Amino acid sequence: MKTHSTLFLAWQDPNSRSWFPIGRLTFDGTNYQFTYTQGVLEAQQKCGFEPLPGCISVLHIYQVES
């Protein structure tokens, strides 16, 4: 039986203390997938958010088989 799980990732700007939903991590029982959400664009524009290490393209879908 495959288990599907989703985790949403939020980032808080240290200066304004504003929160932004920046990504989604999913697991389908076999594979992990990370993708940035539209909130990352707002975080970049308003607060200068820099992509996470290892996930530098906000347009790429990152996948790993477990």
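Residues numbered from 1 in each chain as written. Predicted model: local features only at pLDDT ≥ 70, side-chain atom pairs only at ≥ 80, totals over all residues. Heavy atoms only, no water.

With that settled, consider the overall build of the chain. On a plain count of helices and strands, the chain comes out with one helix and four strands. Across its three principal directions, the C-alpha atoms of the chain cover 45 × 20 × 15 Å. A burial count over the chain gives 26% of its 66 residues as buried. In the chain, the proportion of contacts linking residues at least 24 apart, taken out of those at least 6 apart, comes to 34%. Accessible area of the chain: about 4800 Å², with a carbon and sulfur share of 56%. In the chain, 4 side chains carry a positive charge and 5 a negative one; their mean positions are 6 Å apart. (Helix = DSSP H or I, 4+ residues; strand = E, 2+ residues; numbered from the N terminus. Buried < 20%, exposed > 50% of the residue type's maximum accessible area, 1.4 Å probe, protein only. Contact = heavy atoms within 4.5 Å. Areas by Shrake-Rupley, 256 points an atom, 1.4 Å probe, with all protein chains shown as cover. Lys, Arg positive; Asp, Glu negative; His and termini not counted. Charge placed at Lys NZ, Arg CZ, Asp CG, Glu CD.)

So, about the side chain of Thr37. Mapped onto the secondary structure, Thr37 falls in the loop between β3 (31–36) and α1 (39–47). At a separation of 2.8 Å, a polar atom in the side chain of Thr37 contacts the main-chain carbonyl oxygen of Pro21. Excluding residues within four positions of it along the chain, Thr37 makes contact with Pro21, Ile22, Gly23 and Arg24. (Polar contact = N/O pair within 3.5 Å; in protein donor to acceptor, adjacent residues only side chain to side chain.)

This brings us to the side chain of Thr26. Positionally, Thr26 belongs in strand β2 (residues 19–27). Using a relative accessible area of 18% as the deciding quantity, one classes Thr26 as buried. If we ignore the near neighbours within four places in the chain, the residues touching Thr26 are Ser5, Thr6, Asn31, Tyr32 and Gln33.

Moving on: the pairing of strand β1 (residues 5–12). The two faces of the sheet receive side chains in turn, since in a regular strand these alternate between them. Bridging between β1 and β2 involves eight bridges; their strand directions are antiparallel. When the bridges of β2 are listed, Leu7 appears paired with Leu25. Taking the residues between adjacent antiparallel strands as the criterion, β1 and β2 are bridged by six residues, where Arg17 takes a positive phi near 70°. (Pairing = 2+ DSSP bridges.)

The next subject is the sheet that holds β2. Taken in spatial order, the four strands line up as β1-β2-β3-β4 in an open sheet, and their pairing is antiparallel. Both edges of this open sheet fall to β1 and β4 (61–65), since each of them pairs with a single strand only. Direction aside, the axes of adjacent strands within the sheet are offset by 20° on average. Where β2 lies against β3, five bridges are found, and the strand directions are antiparallel. If you follow Arg24 over to β3, its bridge partner there is Thr35. In the packing of α1 onto the sheet, the strands contacted are β1, β2 and β3, and the crossing angle to β2 comes to about 150°. (Axes fitted to C-alpha atoms, helices over the stretch in contact; angles between N-to-C directions.)

So yeah, pure geometry; function would need other evidence.
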